[in-house]
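Residue-level structure breakdown
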Amino acid sequence: MYVLGIESTCDETAASVVEDGRKVVSNVIATSVKEQALYGGVVPEIASRRHAEYISATVDKALVDAGLTMQDIGAVAVTFAPGLIGAVLVGVNYAKGLAYAAGKPLVPVHHLRGHIAANYLTHPELKPPFLCLVASGGHSHIVMVEDWCRYKILGRTVDDAAGEAYDKVARTLGLPYPGGPSVAAAARGGNPKAYKLPVPQVEGKYNVSFSGLKTAVINEVHNAEQKGNAVNVADMAASFQERIDQILAKKLLTAAADTGAKTICLAGGVAANGRLRQLVNDGAQKLGCRVFLPELKYCGDNGAMIATQGYYEYRDGNLADWTLNGLPTLPIDYR
């Protein structure tokens, strides 16, 4: 079964065709990242307008690259939540019109479920149950994936998500957007022990908080500037990256030990961070757990992950009618 997946929750307009939830036949991404970088982060109105401009050509190219037509497609999957609502609505409305015109089933996909499903593309042998850390620009969750479409939230951020903290720290240090890759690049030449950054405490054993950590970096930089001192960008980037990755890894591995999970996964844009991958791998070996990591190209937003999860949502009977609407927020365990 070929599923066409459409993603438009932030600054990537993406479409992909995936066969039977595992084999990527085509994967096309049009991004407005360079334009957003001019403002140091995503401007929702600009993102929405670019989605409207790019989406038709992006979907057409995904079909052409796959060598297929809409007659060959078994279902149209689209991200309907959560995300920037204007951006989400572009994808949802385009998918509704396309599915209606072609007489195909419409499958609603939760964005975070899509990120988790990216692991299925890299590891065909992977199947639930497993424990997953989903860390991206707007979300940081520790989730028990009980079945293909059944989830239990164990922990989450209570304020800034990991990716959001990376973006804000990068801007403070004068590094380009998106923050995750730029901070990681700067950190390669830095000393992770140079700056003593706090470990935020939060209620909930597996919950995380990054607002205070971000603020600590900002205050350190501002205090140095007021005294006429220079902050070593590489050292600060390395210190921040080490602290945030240590927190994420510790929470995930603690949850794995407590639940007895034997399979651990990472998902989302922050899952591309090399230091986080190393920490999780090292810790999992001590626990006797297997670790599955998505290919770097599937860590960011893409249509393949939506098509993949769409295949399993379709099998689970999760179909939408023509009243489907986009939502800015929605828990991953919504059904």
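Residues numbered from 1 in each chain as written. Predicted model: local features only at pLDDT ≥ 70, side-chain atom pairs only at ≥ 80, totals over all residues. Heavy atoms only, no water.

This part covers the environment of Gly103. For Gly103, the position within the fold is in the loop between helix H3 (85-102) and strand S5 (106-110). Considered as a pair, Gly103 and Ala75 are 28 residues apart in the sequence and their alpha carbons are 9.2 Å apart. (Helix = DSSP H or I, 4+ residues; strand = E, 2+ residues; numbered from the N terminus.)

Right, let's get into the state of the cysteines. Tallied over the full model, the rule gives zero disulfides. Here Cys265 stays unpaired: no disulfide links it, and the sulfur of Cys132, its closest cysteine neighbor, is 5.4 Å away. By relative accessible area, Cys265 is classed as buried at 0%. With no disulfide of its own, Cys289 lies closest to Cys265 among cysteine sulfurs, the gap being 11 Å. (Disulfide = S-S within 2.5 Å. Buried < 20%, exposed > 50% of the residue type's maximum accessible area, 1.4 Å probe, protein only.)

Another point: the environment of Thr308. With respect to the element layout, Thr308 can be found in helix H10 (residues 303-315). Distance from Thr308 to Gly86, taken between C-alpha atoms, is 24 Å for residues 222 residues apart in sequence. If sequence neighbours within four positions are ignored, Thr308 has contacts with Val18, Gly21, Ala117, Tyr120 and Leu121. A polar atom in the side chain of Thr308 sits 2.9 Å from the backbone oxygen of Ala304. (Contact = heavy atoms within 4.5 Å. Polar contact = N/O pair within 3.5 Å; in protein donor to acceptor, adjacent residues only side chain to side chain.)

Further remarks concern the side chain of His139. On the secondary structure map, His139 appears in the loop between strand S6 (130-135) and strand S7 (140-147). If we ignore the near neighbours within four places in the chain, the residues touching His139 are Pro82, Leu112, Val134 and Ala161.

Below, the discussion takes up the pattern of salt bridges. Evaluation of the coordinates by the stated rule reveals 13 salt bridges. In this structure, the salt-bridge partner of Arg113 is Glu313, at a minimum N-O distance of 2.8 Å. Taken together, the residues span a long stretch of sequence, with Arg113 in helix H4 (residues 111-122) and Glu313 in helix H10 at a distance of 200 residues. Asp160 is the partner of Lys168 in a salt bridge, and the nearest nitrogen-oxygen pair spans 3.4 Å. Residue class for Lys168 comes out partly exposed when judged on its relative accessible area of 23%. (Salt bridge = Lys/Arg side-chain N within 4 Å of Asp/Glu carboxyl O.)

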